[in-house]
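Listed here are the chains, written in short residue letters.
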Amino acid sequence: MTGDRRRGIHLSKLYSFSLIRSIFRDEHSQIGQKGYSRVVYCNDPDNPKQLQLKCSSNYVSTTKYTVLNFVPKSLFEQFRRVANIYFLLVGFASFSPLAPYSASSTLAPLLVMIAATMTKEAVEDWRRKKKDIEANNRKVEVYGRNHNFQETMWKNLRVGDLVKVYKDEYFPADLFLISSSYDDGICYVETTNLDGETNLKVKHALNATSALHDDHSFLQFKAMIKCEDPNEDLYSFIGTLCYEGQQHPLSQQQILLRDSKLRNTDCVYGVVVFTGHETKVMQNATDPPSKRSKIERKMDKIIYILFGILILISFIGSVFFGIETKNDIRDGESKRWYLRPDNPNILYDPKRATLTAFFNFLTALMLYGYLLPISLYVSIELVKVLQSIFINQDPDMYYEETDKPTHAQTSNLNEELGQVDTILSDKTGTLTCNSMEFVKCSIAGISYGRGMTEVERALAKRKGNVLPGVGYTSPDIQSFADEYMDSGKSCKGFNFNDERVMNGKWVHESHAYVIQKFYRVLALCHTAIPDINQETGEISYEAESPDEAALVIAARELGFQFYERTQTTISLHELDYQSGQIMDRSYKLLHVLEFSSVRKRMSVIIKNVENQLLLLCKGADSVMFERLAKDGQVFEAATRDHIKHYGEAGLRTLVVAYRELGEEEFKSWEDEFLKTQTLVTADRDVLMDAASDKIERDLILLGATAVEDKLQKGVPECIEKLAYAGIRIWVITGDKMDTSINIGYACSLLREDMKQIVITLESPEINDLEKQGDKEAIAKASSASITKQIREGKSQLNSAKESSVSFGLIIDGKSLSFALDKNLEQSFLELAINCASVICCRSTPKQKALVTRLVKMGTGKTTLAIGDGGNDVGMLQEADIGVGISGVEGMQAVMSADFAIAQFRFLERLLLVHGHWCYRRISMMICYFFYKNIAFGFTLLWFEAFASFSGQPTYNDWYMSLYNVFFTSLPVIALGVFDQDVSARLCLQYPLLYQEGVHDIFFSWMRILGWMLNGVISSMIIFFVTTNSVLHQAFRRDGHVVDFEVLGVMMYTCVVWTVNCQMALSIDYFTWIHHFFIWGSIAFWYGFLLVFGAMSPIISTTAYKVLVEACAPTPIYWMATLLVVVSTLLPYFSYRAFQIEFRPTYHDIIQRRGSDGSETRKKIDPVKDNFGEQETLLAK
């Protein structure tokens, strides 16, 4: 659309675009009171009064840290973890004589872990800082003291500055719109960054300032704005403009918000009202709720258990040490003379055995600290980040049509994807495309449109290929569908085919005059903007919703082309049914009564060339039929019947009506309406709705429209696969019940073999009470009715327990409001969770969030919410996992979600493949971490028992410090990132495998305790087999026996070999990275011994040349290592071999089939298996 043609568009008379008059009334009395104290001196930012207000600068920072607070704040974040506090205290204590090892060896690994985490935090924050720098340094033109516009950076803007913003630029702050390049002061704004909506918004300057078109007109411009204080409400603004001695009310129509973009307008002039963190977008920039996975919360409990074990064994050891110390002197003689009891110190004093035991307890707390894995947290964070990268780069979850890959916006919940018990889904835009197509309509009681929707195909299949409803003549579904696909005009938004009205043939219909009025309403009753392609002459429309665009396109395709909108007119190329010719007609546009979720309708008031005043209206049937005049109900029965059939076909319907207005009636109403428009009160919208309602009465029914929102590709197959995986699926939608039920059948949410439990308040008794208007009686009767229906539903479930019948629960929004009452919510939840599918109809955004919370808190299991619009944000943030679909409704849901996908079908792979892999990897990784640390830490305990719990460590200080950092950490990271128990194809082929995560098979307390027990057993075998192999015989050829240093190296070597080989036994999918890390870690241990042992004895101490001179030349060292490692691994190997052969799990069966190459899925039987809750099992 060119600027010249746009310049002729004047929309200042439209309610949609402006407050028609600038009338200041008493309602502005709240200006100046609390919450409304902001004063802006326009084009005078240096005014002393302005400077006294000390408004925020326009510098914006979204970083978590600053240069000054990074170190203290980051350290605080690190030491919020209990384990890190413990290691820090141990590090400080290592400087005391109590420490069993040197301070440097203790602090080094802690510093490495803290430094790694702080580096990660710094890198992430630096990325945010770079974005802030880019935004703050953007350029904008500001009106200066030399009376011209000069470029400056965003961060230098001040409240009161006059700025000039050009086309396709972002607004640098919240601005008051003075004027634009259009004569009447309108401009077009894209708000995707604010609310996610992709349609353009129209803003309108006040008539008092819209004439200020050029730079020179601001030479003497001065004004003052009094308005509300900074707040987060994007959709309202209250203020007044004091200009040239008059006061003008301001609304949201005159406010341009920061980070929205100027579109299709050459330039605008504006005054800065809010800056920096006071702007509305920054006021809304709150952090999403903090979510932690169930595994992470359980991991904290395990840490506490290990702390308990640590304290227990330290206490037991100190008691034994105190007893032994007390008994060292008997009858004046020293029992252990070599300890020199005659020369006591703080660690050993037989005369003060109790105090010595206490100090030994502190020493033991430090010594056994290796039971706690110091690198666990940082390793898990690294693994989750790498997992997220693989999720983001999965080509099978990339949507080429919109060039959008899957994006994990947080890595904290990767494993939670593998434990989802219930999915709560929106419908429109989530299961469907939210790309509306006009497919059917009812005019004058006759249904038009021979197309077949996906829902109708599902209905026909259920009913034996007999098509319901009107307008169908052929029993052959496939041929009918083929005929439909091959005929008709292909046009986005228009999928209508009916030879009775296509190509102008509607003029021959007996009720052609009604058809003319019907399509004329579609062409005129909207707020769309025409956009003419200057090269091709084709017209497209920018509308507020896909539904509205589809109706305008339908009118165009059927002979009523909307092509121009000016200040007071809408112009059409329309087909005249009397002459059969295309004629140009213009209609004077007087008012637009906008659509809202409360009104559920919109109207326009026009005057035609015959000087008739007409009100054209379209809206939901629930509010339209009650507004019909007695003589306007001629087609009501037939239209209602058609709407019912359209709803059953999964279509979205609107009722179309009109009425003629008298001059006096219109004038009287307009005066009241204009007065209401100028109000600046909190209840202004309510009063506007009431004023609109007064004239939207006595309508004459013309018909109804039906548009289709098609299911996304692969939705039925995805839902079916998720159902086979044992995941319960709830759909929470605002659609009518009939539409929702039939959409449920089309997408396989409901199946033919299901029994339906329907909870509704659509009963004669409730309707009678509603007519009487007694709200208390209505509420009481409604609550009793819902209670009864829930009780009856539960009895149906109980009676069908013995059979394999599954149930689907359907409940409407009105009933849901009572079911969510505290007295009923538990009964409702018990009923719902025992149904295979649940559909909540006519639900509000608040109800979506409440239902999600009820399921999450009531079941205690993982919930996943998925949606695409701003009305789904509450649901996404309330669920354990929020998944946003980057669809037609913008990015608001995506910005609030934990994961973003482009199509619903990608949810199948996200959960069944990546969710399963991540859950198993993280579970195995954590279990292995605890295993390897217990296996290592308990060797210290057994040695201490042989050494009278004296606090003498078995190993060199640096052996212990580097255990978790270098010798065992990399293999476990490789496990967490690359391991695959089964391939992606098998995960999808056998969805029942997903139940391992739902039932927490790999991270159950039995599994965790089993790995801990394995660690204890491994430590016992390592210590006792090693000591018994070498202590009672010569170790070297020269007859020397094993000394303390050599025994430590031998045991440590066995530990390193054992835990790494245990990793090799646990891995199901080997890559070269696994081999490199596992065998490389073992080789690194020997390399470390060589290098560290070659250093000065002052540094290496007990490791000095211990490998080269003592261990490596001795065959028994290598033989004992082999014997100990094999003996240690044998229990686990035997257990797994027995389990796989004689008691295989479902997991083992699939792995065997995969290894045998028999990956072809034969059959799925609806039987119970050993998971209890699962409904399918492999056919043998």
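Cut-offs applied
Residues numbered from 1 in each chain as written. Predicted model: local features only at pLDDT ≥ 70, side-chain atom pairs only at ≥ 80, totals over all residues. Heavy atoms only, no water. Helix = DSSP H or I, 4+ residues; strand = E, 2+ residues; numbered from the N terminus. Buried < 20%, exposed > 50% of the residue type's maximum accessible area, 1.4 Å probe, protein only. Contact = heavy atoms within 4.5 Å. Areas by Shrake-Rupley, 256 points an atom, 1.4 Å probe, with all protein chains shown as cover. Pairing = 2+ DSSP bridges. Axes fitted to C-alpha atoms, helices over the stretch in contact; angles between N-to-C directions. Phe/Tyr/Trp six-rings, centres within 6.5 Å; stacked < 30°, edge-to-face > 60°. Lys, Arg positive; Asp, Glu negative; His and termini not counted. Salt bridge = Lys/Arg side-chain N within 4 Å of Asp/Glu carboxyl O. Polar contact = N/O pair within 3.5 Å; in protein donor to acceptor, adjacent residues only side chain to side chain. UniProt positions renumbered as here; feature names shortened; annotations may be inferred. 1 Å grid on protein atoms, 1.4 Å probe; cavity = no way out; pocket = protein on both sides within 12 Å on 5 of 7 lines; lining within 4 Å. Points joined across faces, edges and corners; volume = space filled by probe spheres on them. Left-handed = near helix turned anticlockwise from the far one by under 90°. Nonpolar A, V, L, I, M, F, W, Y, C, P; charged D, E, K, R; others polar. Disulfide = S-S within 2.5 Å. Parallel < 35°, antiparallel > 145°, perpendicular 65-115°, else oblique. Core = buried A, V, L, I, M, F, W, Y, C linked by side-chain atoms within 4.5 Å.

*Asks:* Would you explain the overall build of the chain in this entry?
*Replies:* The number of helices and strands found in the chain is 39 helices and 37 strands. Scored against the burial criterion, the 1180 residues of the chain give a buried share of 57%. Taking contacts inside the chain between residues at least 6 apart in sequence as the whole, the part at least 24 apart equals 74%. If you sum the accessible surface of the chain, you get close to 50500 Å²; carbon and sulfur atoms cover 55% of it.

*Asks:* Sorry, what's going on with the sheet that holds strand β1 (residues 38-42) here?
*Replies:* The pairing of strands in a sheet happens through backbone hydrogen bonds and is either parallel or antiparallel. Taking strand neighbours across the sheet as the criterion, the four strands line up as β1-β8-β9-β10 in an open arrangement whose pairing is antiparallel. Looking at the sheet topology across the chains shown, the edges are occupied by β1 and β10 (246-250). Strand-to-strand twist in this sheet, taken as the mean axis angle between neighbours without regard to direction, amounts to 20°.

*Asks:* It is not clear to me how the packing of aromatic side chains should be interpreted in this structure. Could you clarify?
*Replies:* Pairs of aromatic rings are described using the distance from one ring centre to the other and the angle between the two planes. Tallied over the full model, the rule gives 52 aromatic pairs. Seen in terms of ring centroids, Trp 669 and Phe 673 are 4.6 Å apart; in terms of plane orientation they differ by 15°. Their pairing is stacked. With a gap of four residues between them, Trp 669 and Phe 673 both fall in helix α17 (residues 663-677), about one helical turn apart. With a relative accessible area of 6%, Trp 669 lands in the buried category. Residue Phe 673 is classed as buried on the basis of its relative accessible area of 0%.

*Asks:* What is the right way to look at the side chain of Asp 174 in this model?
*Replies:* You can see Asp 174 is positioned in strand β5 (residues 174-180). Lys 280 provides the closest opposite charge to the buried, salt-bridge-free Asp 174, at an N-O distance of 6.0 Å. Here Arg 258 takes part through its backbone nitrogen, which lies 2.9 Å from a polar atom of the side chain of Asp 174. Each residue touching Asp 174, except ones within four places of it in the same chain, is listed here: Leu 256, Leu 257, Arg 258, Val 271, Val 272, Val 273, Phe 274, Thr 279 and Lys 280.

*Asks:* Explanation requested: the side chain of Asp 576 in the structure shown.
*Replies:* You can see Asp 576 is positioned in the loop between β23 (569-575) and β24 (582-593). No salt bridge is formed by the buried Asp 576; its nearest oppositely charged neighbour, Arg 520, is found at 5.7 Å. Setting aside chain neighbours within four positions, we find Asp 576 in contact with Val 507, Gln 516, Gln 581 and Met 583.

*Asks:* Can you walk me through the UniProt feature "active site" (unreviewed entry) in the chain in this structure?
*Replies:* If you check UniProt for "active site" (unreviewed entry), the listed places come out as Asp 426 in our numbering. By secondary structure assignment, the location of Asp 426 is in the loop between β17 (420-425) and β18 (432-443). Setting aside its immediate chain neighbours within four residues, Asp 426 contacts Leu 431, Ile 732, Lys 848, Ile 866, Gly 867, Asp 868, Asp 872 and Met 875. Within the structure, Asp 426 has its side chain in polar contact with the side chain of Thr 430 (distance 3.4 Å).

*Asks:* Would you mind going over the pairing of β23 with me for this structure?
*Replies:* If a strand is regular, its side chains alternate between the two faces of the sheet. Counting buried positions along β23 yields six of seven residues, so the element is predominantly enclosed. Bridge analysis of strand β22 (residues 560-565) against β23 gives five bridges, and the strand direction is antiparallel. Bridge pairing in β23 places Arg 565 opposite Ile 570. Bridge count for β23 against β24 is seven bridges, and the pairing is antiparallel. Note on β24: the bridge partner recorded for Leu 575 is Ile 582. Taking the residues that link successive antiparallel strands as the turn, the β23-β24 hairpin has six residues, and the phi of Gly 580 there is positive, at about 75°.

*Asks:* Which parts of the structure should I look at to understand the sheet that holds strand β7 (residues 200-204)?
*Replies:* Spatial ordering of the open sheet is given by β7-β6-β12, a layout of three strands whose pairing is antiparallel. Lying at the two open borders of the sheet, with one neighbouring strand each, are β7 and β12 (261-263). Ignoring strand direction, the axes of neighbouring strands in this sheet form an average angle of 45°. Bridge analysis of strand β6 (residues 186-190) against β12 gives three bridges, and the strand direction is antiparallel. The residue of β12 that forms the bridge with Val 189 is Leu 262.

*Asks:* What should I look at first to understand empty space enclosed by the protein in this one?
*Replies:* Unfilled space is identified by rolling a water-sized probe across the atoms. Under the criterion given, the structure shown has eight cavities of 30 Å³ or more. For the largest cavity, the calculated volume is near 150 Å³. As for the largest cavity, its lining consists of 15 residues, and the residues nearest its centre are Phe 87, Thr 106, Pro 109, Tyr 370 and Ile 374. Taken together, the elements giving at least two residues each to the lining of the largest cavity come down to α4 (82-93), α5 (103-136) and α29 (957-967).

*Asks:* Can you help me understand unusual backbone geometry in this one?
*Replies:* Excluding glycine, residues mostly have negative phi values, and the peptide bonds linking residues are mostly trans. Positive phi, close to 55°, is recorded for Asn 503, a residue that is not glycine. With respect to the secondary-structure elements, Asn 503 resides in the loop between α12 (477-486) and α13 (512-524). Positive phi, normally seen in glycine, also occurs at Lys 600, with a value near 60°. Here Lys 600 shows up in the loop between β24 and β25 (601-607). Residue classification places Lys 600 among the partly exposed residues on the basis of a relative accessible area of 34%.

*Asks:* Explain the packing of α5 against helix α10 (residues 376-392) here, please?
*Replies:* When two helices pack together, their arrangement is given by the angle between the helix axes and the distance between those axes. Closest axis-to-axis distance for the α5/α10 pair is 10 Å, and the angle between their directions is 35°. Relative to α10, α5 is oriented so that their crossing is left-handed. For the pair α5 and α10, contact is made by Met 113, Ala 116, Thr 117 and Lys 120 and by Val 378, Glu 381 and Val 385, respectively. For the contact of α5 with α10, the per-class residue count stands at four nonpolar, one polar and two charged.

*Asks:* Would you explain helix α30 (residues 969-978) in this entry?
*Replies:* An α-helical turn contains 3.6 residues, so a residue and the one three or four places further along point in the same direction. Of all ten residues in α30, eight are buried; the element is thus mostly enclosed. Listed as buried for α30 are Ser 969, Pro 971, Val 972, Ile 973, Ala 974, Leu 975, Gly 976 and Val 977. On its buried face, α30 is in contact with α10, α28 (906-946), α29, α34 (1044-1066) and α35 (1072-1093).

*Asks:* I'm lost on the state of the cysteines in this one. Help?
*Replies:* When the sulfur atoms of two cysteines share a covalent bond, that bond is a disulfide. Applying the stated criterion across every chain, the model contains zero disulfides. Sulfur of Cys 55: no disulfide; nearest cysteine sulfur belongs to Cys 227 and is 9.5 Å away. For Cys 55, a relative accessible area of 24% puts it in the partly exposed group.

*Asks:* Just to check I follow, could you spell out the pattern of salt bridges for this structure?
*Replies:* Oppositely charged side chains may form a pair once their charged atoms are brought near each other. Considering all chains together, one arrives at 43 salt bridges under this definition. One salt bridge connects Glu 878 with Arg 853, and the closest N-O pair in it is separated by 3.3 Å. Remark: Arg 853 occurs in helix α25 (residues 845-859) and Glu 878 occurs in helix α26 (residues 873-878); sequence separation between them is 25 residues. Bridged by salt links that share partners, the residues Arg 599, Arg 601, Glu 626, Arg 627, Asp 693, Glu 696 and Arg 697 form one connected network.

*Asks:* Would you take a moment to explain the environment of Val 883 for this structure?
*Replies:* Mapped onto the elements, Val 883 comes out in strand β34 (residues 881-885). For Val 883, a relative accessible area of 0% corresponds to the buried category. Between the alpha carbons of Val 883 and Ser 896 there is a distance of 8.7 Å; along the sequence they are 13 residues apart. Residue contacts for Val 883: discarding those within four places in its chain leaves Leu 864, Ala 865, Ile 866, Gly 867, Leu 876, Ala 897, Phe 899, Ile 901 and Leu 907.

*Asks:* Please clarify how the packing of helix α3 (residues 70-78) against α5 should be interpreted in this entry.
*Replies:* One way to put it is that α3 packs onto α5 with a least axis distance of 10 Å and a crossing angle of 120°. By the angle class used here, α3 and α5 are oblique. Where α3 crosses over α5, the two elements pack in a sense that is right-handed. For the pair α3 and α5, the contacting residues are Phe 70, Val 71, Ser 74, Leu 75 and Gln 78 in the first and Ile 114, Thr 117, Met 118, Glu 121 and Ala 122 in the second.

*Asks:* Where do I start with the nonpolar core in this structure?
*Replies:* Nonpolar side chains tend toward joint burial in soluble globular proteins. In this structure, Tyr 368, Ile 926, Tyr 955, Tyr 959, Tyr 1052 and Trp 1085 are the most contacted members of the largest nonpolar core, which totals 111 residues. Ranked by residues supplied to this core, first place goes to α28 with 18 residues. With residues up to four places along the chain from it excluded, the contact list for Ile 926 reads Ile 295, Met 299, Leu 376, Ile 380 and Phe 1003. By size, the runner-up hydrophobic cluster in this structure holds 53 residues, among which are Phe 438, Ala 528, Tyr 563 and Ile 606.

*Asks:* Is there a simple way to explain the environment of Met 436 in this structure?
*Replies:* Checked against the element boundaries, Met 436 lands in strand β18. Along the sequence, Met 436 and Leu 651 sit 215 residues apart, while their C-alpha atoms lie 9.7 Å from each other. If near-sequence neighbours (up to four positions away) are discounted, Met 436 is found in contact with Thr 428, Gly 493, Pro 546, Asp 547, Ala 550, Arg 652, Val 707, Glu 708 and Asp 709.

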